[in-house]
Each structure stands twice: as structure tokens, then as C-alpha cells.
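Coordinate inspection notes
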Amino acid sequence: MKIYRSLAEAPADFGPSALTIGNFDGVHFGHRRILRRLRELAAERDWKASVLTFDPHPTRIVAPERAPRLMTSPSRRAELMEEEGIEQVLILPFTGELALLSPEEFVRHLLVERLGARAVLVGDNFRFGHRQAGNIRVLTELGQRLGFETVIVPAVTCRGRVVSSSGIRETIAAGRVSLAARLLQHPYALEGDVVSGRGVGSKQTVPTLNLETAAELIPARGVYVTRTDDLAGGRQWSSITNVGYRPTFGQSDQLSIETFLLDPLEGDAPLRIRVEFLRRLRDERRFETPEALKTQILKDVRTAQSYFRRTKAWVGRAGHPLTAPAGHRLKTKVPCTSC
């Protein structure tokens with residue numbers, strides 16, 4: 001995959017392209033439906049499967065008080081898009097100048113003249129241009145005049161609700177990470193550097209890896225079944241992770257994310273990790289003694305080990321499709337490309 005971070009970086013032969021446009025935060029199941037249709041169409045016509053996305057999120061520029069806490073960085077979004085066969089991604093810096101373009105200016109000068117769009121795939125709630133004046137009717141009319149095909153792609157619903165980035169953010173913030181993994185088609189993850197903790201855990205309970213992350217969205221306080229990847233060395237471990245303030249050792253004002261590896265740590269400790277959240281085990285709570293906390297952690301370990309034994313058949317590494325168990329059936333209904 002080729003990633004371009006400005007129009008200046010994008011080559012003159014970016015097109016002919018089958019192009020989709022959006023923020024794609026999380027690259028969830030609905031987004032993947034669009035990306036798969038894009039890949040199919042591009043292959044049929046011998047065009048380039050291409051994505052136009054933005055950084056920062058447009059809301060940060062036009063209405064910063066309403067800007068969402070994002071699930072994924074632009075680079076992580078591009079990694080997930082590559083899994084769906086996308087050939088090139090333009091991560092366009094979103095500026096006040098870009099926000100002022102009329103729908104026709106946006107389409108004519110950017111999509112057609114600069115990116116060589118021969119087909120534009122969007123959902124039926126897609127809006128674009130200054131003050132979001134453009135919709136799919138406007139896009140279709142512009143396509144007829146400017147020579148590209150407009151394709152509307154349906155998204156998915158789960159339990160009668162549209163699968164959307166905003167809804168998944170709420171799910172993660174509430175700690176419902178197993179549902180979020182099904183909707184995303186990959187586990188929600190935090191990544192960052194391993195840093196030194198206070199040293200209390202290794203002496204009085206169990207040793208942990210302490211994660212320092214720049215992520216905007218953190219799962220609710222509690223203990224989770226997780227999977228931990230060494231981003232530099234390629235190693236992977238089953239694990240449990242506590243998100244919270246360590247109340248047993250005195251309330252702290254700084255949130256900590258501490259991961260205990262269930263598998264042996266061979267070699268040096270990792271310097272940078274990704275922690276994937278698979279299932280919530282329990283709330284964080286205060287224990288009377290460190291020994292009582294250690295006893296509970298060992299119970300959590302046994303529960304997590306049982307989880308990995310039971311779910312080994314369907315819990316894949318990030319990027320492998322996660323099938324929805326009974327009761328969580330996904331179906332097409334209403335597009336959600338403006339997530």
C-alpha cells in the first residue's frame with residue numbers, strides 16, 4: 001500500500017481511481033463493506049482502489065467543541081484498510097481552507113482533476129463541502145456532469161442499531177469491548193511505550209507491563225482479558241490488563257494501564273506494545289490487602305486462561321475476521337460512512 005500525507009506527495013498518476021471518502025475511525029464492519037466493494041469495483045475496471053481520509057478529524061476544525069475521541073490514528077486506519085486490499089490512501093490535512101470549498105469545488109478540483117476519480121463510493125448519509133451542503137443527490141449530479149460513477153453502499157446494523165464509529169466509541173467507553181470487537185471486526189487496541197511503574201505490583205502482587213499511550217479513547221476502568229503484541233519484536237502473549245487508579249495502594253490521580261502476561265516472557269521486556277481488549281472481567285475495586293488483590297489476580301488469570309481455551313477457534317489476531325456469535329447477527333440496512 002502507498003500512503004500519501006498531502007496533495008503534494010500524491011503522484012500525478014494517482015488515478016484512474018475507484019475512490020471512497022470519509023474519516024473511517026476504527027475501520028469498523030460498515031467501513032469494511034465499503035472497502036470490499038471498492039476493491040471489487042477497482043479490480044473489475046482496472047482502476048486503483050483508493051481512499052481519501054482526513055487528519056485532523058474535520059470536526060476539530062469546524063466545531064472543536066464537538067470533536068470525538070478517536071479510536072484509531074491515521075496510520076492505524078491505513079494498516080486496517082490494507083487488510084481489505086486498498087492500494088493507496090491519501091491522508092489529507094484538513095484545514096479551514098478545505099472546509100470552505102463548495103461541493104462542486106471539492107469534487108471537481110480534488111476528486112476528479114487531482115485524484116482521477118472514475119467511481120466514488122459513499123453511504124447514503126454522506127455529506128461534503130462547505131457547511132456540508134453536498135449530499136448524495138448533489139454528488140450523483142456532479143458525477144453525471146464530470147464523468148464519474150456514484151455508488152451507494154449499504155452498511156450494517158446490529159440489534160436494530162446502525163454500526164457507527166460514534167456508537168462503537170460509546171461501547172468502548174462503557175467497557176463493552178467484546179461487542180466492540182465484533183462491530184469493528186478486530187479487537188479495540190491501545191498502543192504505546194512500556195514505562196516504569198511505581199514498583200509496588202512487582203513486589204507485592206504480580207509484575208506487570210505499564211503502558212503509556214497517546215490514545216484518546218480508553219476503555220472503562222476495570223480488568224480485561226487482553227492480547228499483547230511486541231510492536232518491535234513480533235512476539236505475542238495472552239494477558240490480562242487493569243485500567244484504573246490502583247485503589248488498593250492508595251488512590252492515584254493518574255490513570256494506569258497495567259498488563260500481566262499469561263505466557264512466559266522470554267528475553268528482554270518489550271519497549272513498545274499494542275494491547276488488544278477482548279473481554280471485560282470485572283470492575284476495578286479496592287482490596288483490603290495486597291495479598292487479597294494477588295488472590296483475585298490469580299482468579300482473573302484462571303478465568304482468562306479458560307477464555308482463551310474456549311475462544312481459540314474464533315478469536316484471531318487483529319485483522320482476522322471475527323465471527324459474530326448467536327445473538328449478534330450483522331445485516332445490511334443503513335449506510336454509516338459519515339461516522
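For clarity, every value in this text was computed on a predicted model and none was experimentally measured. (Residues numbered from 1 in each chain as written. Predicted model: local features only at pLDDT ≥ 70, side-chain atom pairs only at ≥ 80, totals over all residues. Heavy atoms only, no water.)

Helix and strand counts for the protein chain come out as 10 helices and 15 strands. The buried share among the 339 residues of the protein chain stands at 51%. Within the protein chain, residue pairs in contact and separated by at least 24 positions form 76% of the contacts whose partners lie at least 6 positions apart. (Helix = DSSP H or I, 4+ residues; strand = E, 2+ residues; numbered from the N terminus. Buried < 20%, exposed > 50% of the residue type's maximum accessible area, 1.4 Å probe, protein only. Contact = heavy atoms within 4.5 Å.)

The next point concerns the sheet that holds strand β3 (residues 48–55). Strand order in the open sheet formed by 6 strands is β1-β4-β3-β2-β5-β6, and the pairing between neighbours is parallel. Two strands bound the open sheet, and with one partner strand each, they are β1 (2–4) and β6 (149–152). With direction set aside, neighbouring strand axes in the sheet form an average angle of 25°. Judged from the 4 bridges that link them, strand β5 (residues 117–122) and β6 form a sheet pairing that is parallel. By the bridge assignment, valine 120 is partnered in β6 with threonine 150. (Pairing = 2+ DSSP bridges. Axes fitted to C-alpha atoms, helices over the stretch in contact; angles between N-to-C directions.)

This part covers the environment of valine 107. Tracing the sequence through the fold places valine 107 in helix α5 (residues 103–114). As for valine 107 and leucine 139, which are separated by 32 residues in sequence, their C-alpha atoms are 8.0 Å apart.

Okay, the nonpolar core next. Ranked by size, the top nonpolar core spans 27 residues in total, and within it Met71, Ile168, Ile172, Tyr188, Leu190 and Phe277 carry the most contacts. Among the elements of the structure, β7 (156–158), α7 (165–173), α8 (177–184), β9 (188–195), β10 (209–213), β12 (236–244), β13 (256–261) and β14 (272–282) are those that each provide at least two residues to this core. Counting residues per element, this core draws most heavily on α8, which supplies 5 residues. Aside from chain neighbours lying at most four places away, what touches leucine 190 is Leu211, Thr213, Ala215, Leu217, Ile218, Pro219, Ile257, Ile273, Arg274, Val275 and Phe277. (Core = buried A, V, L, I, M, F, W, Y, C linked by side-chain atoms within 4.5 Å.)

To continue, consider α5. Among the residues of α5, those classed as buried are Pro103, Phe106, Val107, Leu110 and Leu111. The buried residues of α5 occupy an angular sector of 115° when the element is viewed end-on, so they sit on one face. Where α5 is buried, its residues touch β2 (17–21), β3, β4 (88–93), α4 (96–99), β5 and α6 (136–146). Just beyond α5, the residue with positive phi is glycine 116, at close to 60°. (Arc of directions from axis to C-beta.)

Moving on to the confidence of the model for the protein chain. With 87% of its residues at a pLDDT of 70 or more, the protein chain shows a mean pLDDT of 88. Across residues 199–205 the pLDDT falls below 50, and counting only partners more than four positions away or on other chains, this stretch makes 15 contacts in the model. Of the regions scoring below 50 in pLDDT, residues 315–339 engages in 83 contacts with residues more than four places distant in sequence or in other chains. (pLDDT = per-residue confidence, 0-100.)

Strand order in the closed barrel formed by 6 strands is β9-β10-β13-β12-β11-β14, with antiparallel pairing between adjacent strands. Strand-to-strand twist in this sheet, taken as the mean axis angle between neighbours without regard to direction, amounts to 45°. As defined by bridge partners, strand β11 (residues 222–230) adjoins β12 across 8 bridges and the pair is classed as antiparallel. Looking at the pairing, valine 225 lines up with isoleucine 240 of β12. On the sheet, α8 packs against β9, β11 and β14 and is oriented at approximately 120° with respect to β14.

So, about the environment of alanine 78. Following the sequence through the fold, alanine 78 ends up in helix α3 (residues 74–82). Since its relative accessible area comes to 2%, alanine 78 is described here as buried. With 12 residues separating them along the chain, alanine 78 and leucine 90 place their C-alpha atoms 9.3 Å apart. If we ignore the near neighbours within four places in the chain, the residues touching alanine 78 are Met1 and Ile3.

This part is about the pairing of β10. Both faces of the sheet carry side chains from a regular strand, because those side chains alternate between them. Pairing of β9 with β10, which is carried by 4 bridges, proceeds in the antiparallel orientation. The residue of β10 that forms the bridge with valine 195 is asparagine 210. Looking at chain direction, β10 and β13 are connected through 2 bridges and run antiparallel. Bridging from a neighbouring strand, leucine 209 pairs with threonine 259 of β13.

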